[in-house]
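Letter by letter, the chains look like this.
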2 protein chains.
Amino acid sequence: MSDDVRNVLTALSSMTEHWQPHRLTSINDYDLKVVKILGEFVWHTHPDTDELFLVLSGELTIQLRDRDVVLGPQDVFVVPRGVEHCPRATAEVQALLIEPQGTVNTGDAGGDLTSQLRELDAP
Amino acid sequence: MSDDVRNVLTALSSMTEHWQPHRLTSINDYDLKVVKILGEFVWHTHPDTDELFLVLSGELTIQLRDRDVVLGPQDVFVVPRGVEHCPRATAEVQALLIEPQGTVNTGDAGGDLTSQLRELDAP
């Protein structure tokens with residue numbers, strides 16, 4: 001495999017922590033990230049950007065203030081910019097995220113779950 | 001399922017033609033597209049943008065002028081802007097693409113394989 005090819009499943013298998021997005025690769029000034037999710041996150045908003053979730057395994061609930069969006073494998077949902085949301089998973093979820101570089105996972109909320117973007121080890 | 005949730009596999013199952021990217025959703029001014037690939041495309045360049053391929057099934061070869069990049073399921077590769085490339089698949093490949101809105105599949109090459117971006121039917 002070329003050293004500029006990344007494999008989604010290999011990347012996820014190297015990750016142990018939840019709520020810690022790792023950068024898989026970038027396209028222009030956007031990042032494609034992988035993340036493992038378990039439990040309930042924090043209510044937050046990204047005032048300046050949409051955020052894309054693509055679920056790879058498990059069932060992810062994106063709580064919005066007026067409804068829950070339930071995502072299964074291969075489901076894609078975009079949280080529009082400025083919309084308050086709180087992800088929740090009762091069993092581990094593996095997902096892809098797409099968002100502009102510099103997007104912080106907890107958005108405007110901050111707090112203990114705020115994670116700096118992690119880099120994967122070299123393949 | 002909410003009407004703003006898209007499923008990657010459902011989308012692909014509704015598509016019959018090759019080399020015809022369909023827009024699954026958008027994040028800001030970027031599109032997430034699904035595409036079926038079979039045969040050899042045309043050598044082309046995107047002078048102004050990177051292009052991301054994520055293979056879902058099958059084996060996709062991205063021919064570059066100095067090497068071939070071979071991608072299997074869950075492999076991700078970004079063709080940097082300005083780099084001439086030509087995708088090829090000897091059996092059908094299903095893939096995701098990420099690129100800025102308005103990116104044309106044949107880039108600077110044009111020709112018979114040029115496809116306007118297709119929209120999926122409503123879910």
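What counts, and at which threshold
Residues numbered from 1 in each chain as written. Chains lettered and ligands numbered in written order. Predicted model: local features only at pLDDT ≥ 70, side-chain atom pairs only at ≥ 80, totals over all residues. Heavy atoms only, no water. Contact = heavy atoms within 4.5 Å. Buried area = accessible area lost by both parts, 1.4 Å probe. Salt bridge = Lys/Arg side-chain N within 4 Å of Asp/Glu carboxyl O. Polar contact = N/O pair within 3.5 Å; in protein donor to acceptor, adjacent residues only side chain to side chain. Helix = DSSP H or I, 4+ residues; strand = E, 2+ residues; numbered from the N terminus. Buried < 20%, exposed > 50% of the residue type's maximum accessible area, 1.4 Å probe, protein only. Pairing = 2+ DSSP bridges. Least-squares fit on C-alpha atoms with pLDDT ≥ 70 in both. Phe/Tyr/Trp six-rings, centres within 6.5 Å; stacked < 30°, edge-to-face > 60°. Lys NZ or Arg CZ within 6 Å of the ring centre and 35° of its normal. UniProt positions renumbered as here; feature names shortened; annotations may be inferred.

Identification of chain A as Cupin domain-containing protein from Pengzhenrongella sicca is taken from an unreviewed UniProt entry.

The interface of chain A with chain B comprises 35 residues on the first partner and 35 residues on the second. Interface area for chain A against chain B, summed over the two sides, is near 2,700 Å², with a carbon-plus-sulfur share of 56%. Taking the shortest distance from any N to any O, the salt bridge between R67(A) and D4(B) comes out at 2.7 Å. At the surface where chain A touches chain B, the tally comes to 18 residue pairs in polar contact (both at pLDDT 80 or more). Those elements giving two or more residues to the side of chain A that touches chain B turn out to be β1 (6-7), α1 (8-13), β2 (22-27), β3 (30-40), β4 (51-57), β6 (68-71), β7 (75-79) and β8 (85-100) of chain A.

Burial of strand β2 (residues 22-27) of chain B is extensive: five of the six residues sit out of reach of the surface. Between the end of β2(B) and the start of strand β3 (residues 30-40) of chain B, which pair antiparallel, lie two residues, with N28(B) showing a positive phi angle near 50 degrees.

Bringing the relation of the copies chain A and chain B into the picture now. Overlay of chain A on chain B (RMSD 0.0 Å): rotation 180 degrees, translation along the axis 0.0 Å. Viewed as a symmetry operation, the transformation between the two copies matches a two-fold axis.

Here the structure, examined in full by the defined rule, presents three aromatic pairs over all chains. When the ring of Y30(A) is compared with that of Y30(B), the centres are 4.0 Å apart and the planes differ by 35 degrees; the resulting orientation is tilted. Taken together, the positions of Y30(A) in strand β3 and Y30(B) in strand β3 put the pair across two chains. You'll find Y30(A) and Y30(B) in the same group, each marked buried. Over the ring of W43(A) we find R65(A), and its NZ or CZ is 3.7 Å from the ring centre.

Turning our attention to unusual backbone geometry. Positive phi, close to 55 degrees, is recorded for N28(A), a residue that is not glycine. Relative to the elements of secondary structure, N28(A) occurs in the loop between β2 and β3. Phi at Q74(B) takes a positive value of approximately 75 degrees, unusual for a residue other than glycine. The residue Q74(B) is located in the loop between β6 (68-71) and β7 (75-79) in this model.

Below, the discussion takes up the UniProt feature "domain: Cupin type-2" (unreviewed entry) in chain A. Here, the residues flagged by UniProt with the feature "domain: Cupin type-2" (unreviewed entry) are residues 40-96 of chain A. Secondary structure over residues 40-96 of chain A splits into 0% helix and 60% strand, and the C-alpha atoms at its two ends are 17 Å apart.

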